[in-house]
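# Remarks on the overall topology
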Amino acid sequence: MSPGFFSLGTCLSPRSKSTSTLPDRATWDSNTYQRDTDAAQPETLEAVNGSGGSESDPGADSLSDISVDHQTQRQSDKEKVQAEIDRVIGQKRAARLADRESMPYTNAVIHEVQRMGNIIPLNVPREVAMDTNLNGFHLPKGTMVLTNLTALHRDPKEWATPDVFNPEHFLENGQFKKRESFLPFSMGKRACLGEQLARSELFIFFTSLMQKFTFNPPINEKLSLKFRNGLTLSPVSHRICAVPRK
């Protein structure tokens, strides 16, 4: 068998947008925002500003967009996240990484966004360094190996509702529960070097946005969770209304 292509089935981030000012009611598209006709004076988002940039993990733009998209469409999840934020953080101070341990529902929502978002569905290609046998398959040196993360993250044997957004996948008795079958950053020696940065960025960025804004679709517009294909998957262009919370 000559070197070729081998896909692992069910075996086996984020660059945040830095936003300085937004109007009291803004309509966002996937890259910029524009004022609504009833927009008031701009409000500075100090809690969000500076949470990322070009030095950050390159997957976060997509994950941040996807997380806002899901919360825009799912009223009950949005209310639970904001209730937890109000209880743990309140409205007067910025979110801190130390808050994550006290916010199991918000943490579960972020993890479910990563599972459903699946922005790198086949992970990063690897190459077999020497002739290897794996589960009865002979892999000659030089064979390209891809990990099918989609199959893993949508496996009905691992997830109660694999094709439905469900934060309960990461909760047990009201507490956050880690899942061995959740591998958005891969695993082992070749795991993503930016994993800890990405996890921290996602929590701070998402929590800060949900603390300050309620996200709704524009009137008479329906949001889509379809993706653009590329090196990573990213949401199609869309508009979202960000309404400051009082």
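Model, not experiment: these values are computed from the prediction.

### Notes on the pattern of salt bridges
Within the structure shown, the criterion is met by eight salt bridges. When the shortest N-O distance is used, the salt bridge between Asp99 and Arg93 registers 2.9 Å. Residue classification places Asp99 among the buried positions, given a relative accessible area of 6%. By relative accessible area, Arg93 is classed as partly exposed at 25%. A salt bridge links Arg199 to Glu195, with the shortest nitrogen-to-oxygen separation between them at 2.9 Å. On the criterion of helical spacing, the pair formed by Arg199 and Glu195 is a turn pair, its members being four residues apart in helix α5 (residues 195–212).

### A short note on the packing of aromatic side chains
Evaluation of the coordinates by the stated rule reveals four aromatic pairs. Between the aromatic rings of Phe170 and Phe176, the centroid separation amounts to 6.3 Å while the plane-to-plane angle is 5 degrees, which identifies the pairing as stacked. Judged by its relative accessible area of 0%, Phe170 is buried. Consider the rings of Phe170 and Phe182, whose centres lie 5.0 Å apart with planes at 80 degrees: the pair is edge-to-face. Of the two residues, Phe170 sits in the loop between α4 (149–153) and β10 (171–172) while Phe182 sits in the loop between β11 (175–176) and α5, which places them twelve residues apart along the sequence. What links up through ring pairs into an aromatic cluster is the set Trp159, Phe170, Phe176 and Phe182. Here Arg115 stacks its cationic end above the ring of Trp159, 5.1 Å away from the centre of that ring.

### Description of the UniProt feature "binding site: heme" (unreviewed entry) in the chain
The sites that UniProt annotates as "binding site: heme" (unreviewed entry) are Cys192. Inspection of the secondary structure puts Cys192 in the loop between β11 and α5.

### With respect to the environment of Asp155
With respect to the helices and strands, the residue Asp155 is situated in the loop between α4 and β10. For Asp155, a relative accessible area of 13% gives the class buried. Measuring from C-alpha to C-alpha, the distance between Asp155 and Ser181 comes to 9.0 Å, with 26 residues separating the pair along the chain.

### Remarks on the pairing of strand β15 (residues 240–244)
Most of β15 sits out of view: four of its five residues are buried. One ladder, built from four bridges, connects strand β12 (residues 213–216) with β15; its direction is antiparallel. Bridge pairing in β15 links Asn216 to Cys241.

### Some details on the nonpolar core
Of all hydrophobic cores here, the largest spans 28 residues; its most connected members are Val81, Ile85, Val109, Phe206, Met210 and Phe215. Per element, the largest residue contribution to this core is seven residues, and it comes from α5. The residues contacting Ile85, other than those within four sequence positions of it, are Gly90, Met103, Thr106, Thr207, Met210 and Gln211.

Analysis parameters
- Residues numbered from 1 in each chain as written.
- Predicted model: local features only at pLDDT ≥ 70, side-chain atom pairs only at ≥ 80, totals over all residues.
- Heavy atoms only, no water.
- Salt bridge = Lys/Arg side-chain N within 4 Å of Asp/Glu carboxyl O.
- Buried < 20%, exposed > 50% of the residue type's maximum accessible area, 1.4 Å probe, protein only.
- Helix = DSSP H or I, 4+ residues; strand = E, 2+ residues; numbered from the N terminus.
- Phe/Tyr/Trp six-rings, centres within 6.5 Å; stacked < 30°, edge-to-face > 60°.
- Lys NZ or Arg CZ within 6 Å of the ring centre and 35° of its normal.
- UniProt positions renumbered as here; feature names shortened; annotations may be inferred.
- Pairing = 2+ DSSP bridges.
- Core = buried A, V, L, I, M, F, W, Y, C linked by side-chain atoms within 4.5 Å.
- Contact = heavy atoms within 4.5 Å.

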